[in-house]
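Chain residues, written in single-letter form:
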Amino acid sequence: MCGRFAITLPNEAMAQMFGAMPANDLPEVPNYNVCPTTKIHVVLGGLDIGRRLVSMRWGFLPSWYKSPSDGPLLINARGETIAEKPAFRNACRARRCLIPVSGFYEWTKDAAGERWPWFIHSDGTLALAGVWQSWGQGEEHVNTCAVVTTAANETMSDIHHRMPVVIDEEDWGLWLGEKGHGAATLMSAAREDLLSFHRVDREVNSNRAAGAELIEPIA
């Protein structure tokens, strides 16, 4: 799964990286502790108007939810079943997006049941596969999204049995619907040498923690 991440790339550099027009209400960066239900950066494709870098709530809200708390918090969507689940099946066909991250956190438990956080990252900014949904009830309207996940590769399985789907740059257009059909083939584990990980301080266990020290390795 993916339940917390960091993003450190400046908004202007992020827009340039994806060739996207940035919105005016983008979240502040850097943020070393991005939590569910907060606003995150999302890249949308566009054959006519071009790509856009926008802000969305992390936590997908199906159209039938009467309120944001009307059902489970859907921060992840399983790639294996995304085309079948009522909450996601339309979005996976027509509303796919990319979610830029500098790395993400996962947790393991020791023999005493204590949770220890790990920071998983690459050499640069990662583009995670996502799906999005415009939700509204009454006067309340918000664009929401979820990270697509898949079974972990061998490297990541030491930390967790699931991992987010990472989209390589040459496949961004396909995932965003700019290059025809075949996006389903991208929902697989990342190559073994893409990601590295190290243990970080348990301070990040709190969703109120902040600062660059959250991603620093500890012994």
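Before reading on, note that the structure itself is shown above.
In this text, all values refer to a predicted model and were calculated from it rather than measured experimentally.

Visitor: How should the nonpolar core be read in this particular structure?
Guide: One broad rule of soluble globular proteins: the nonpolar side chains tend to lie buried together. Phe5, Val42, Phe88, Leu98, Ile99, Val131 and Trp175 are the most contacted members of the largest nonpolar core, which totals 63 residues. If one sorts the elements of this core by residue count, strand 8 (residues 115-137) sits on top with eight residues. Setting aside residues up to four positions removed in sequence, tryptophan 175 forms contacts with Arg96, Cys97, Leu98, Ala129, Gly130, Val148, Ile167, Ala183, Leu186 and Met187. Core analysis: the next-biggest nonpolar cluster, separate from the first, contains ten residues, Phe119, Val200, Leu214 and Ile215 among them.

Visitor: Is there a simple way to explain the environment of threonine 8 in this structure?
Guide: Along the chain, threonine 8 falls in the loop between strand 1 (5-7) and helix 1 (11-18). Sequence-wise, threonine 8 and serine 102 are 94 residues apart; in three dimensions their C-alpha atoms are separated by 6.1 Å. Sequence-distant contacts of threonine 8, defined by excluding residues within four places in its chain, comprise Pro30, Tyr32 and Ser102.

Visitor: Looking at this structure, how should I read the pattern of salt bridges?
Guide: Close approach of charged atoms lets side chains of opposite charge pair. All told, the structure shown has five salt bridges when counted by the stated rule. Across the pair arginine 191 and aspartate 168 runs a salt bridge whose closest N-O atoms are separated by 3.8 Å. A residue pair is termed long-range when its members are at least 10 positions apart, and arginine 191 in the loop between helix 3 (172-175) and strand 11 (196-199) and aspartate 168 in the loop between strand 10 (162-164) and helix 3 qualify at 23 residues. By relative accessible area, aspartate 168 is classed as partly exposed at 28%. Ionic contacts of the salt-bridge type, sharing partners, join the residues Asp168, Arg191 and Asp193 into one network.

Conventions we followed
- Residues numbered from 1 in each chain as written.
- Predicted model: local features only at pLDDT ≥ 70, side-chain atom pairs only at ≥ 80, totals over all residues.
- Heavy atoms only, no water.
- Core = buried A, V, L, I, M, F, W, Y, C linked by side-chain atoms within 4.5 Å.
- Buried < 20%, exposed > 50% of the residue type's maximum accessible area, 1.4 Å probe, protein only.
- Helix = DSSP H or I, 4+ residues; strand = E, 2+ residues; numbered from the N terminus.
- Contact = heavy atoms within 4.5 Å.
- Salt bridge = Lys/Arg side-chain N within 4 Å of Asp/Glu carboxyl O.

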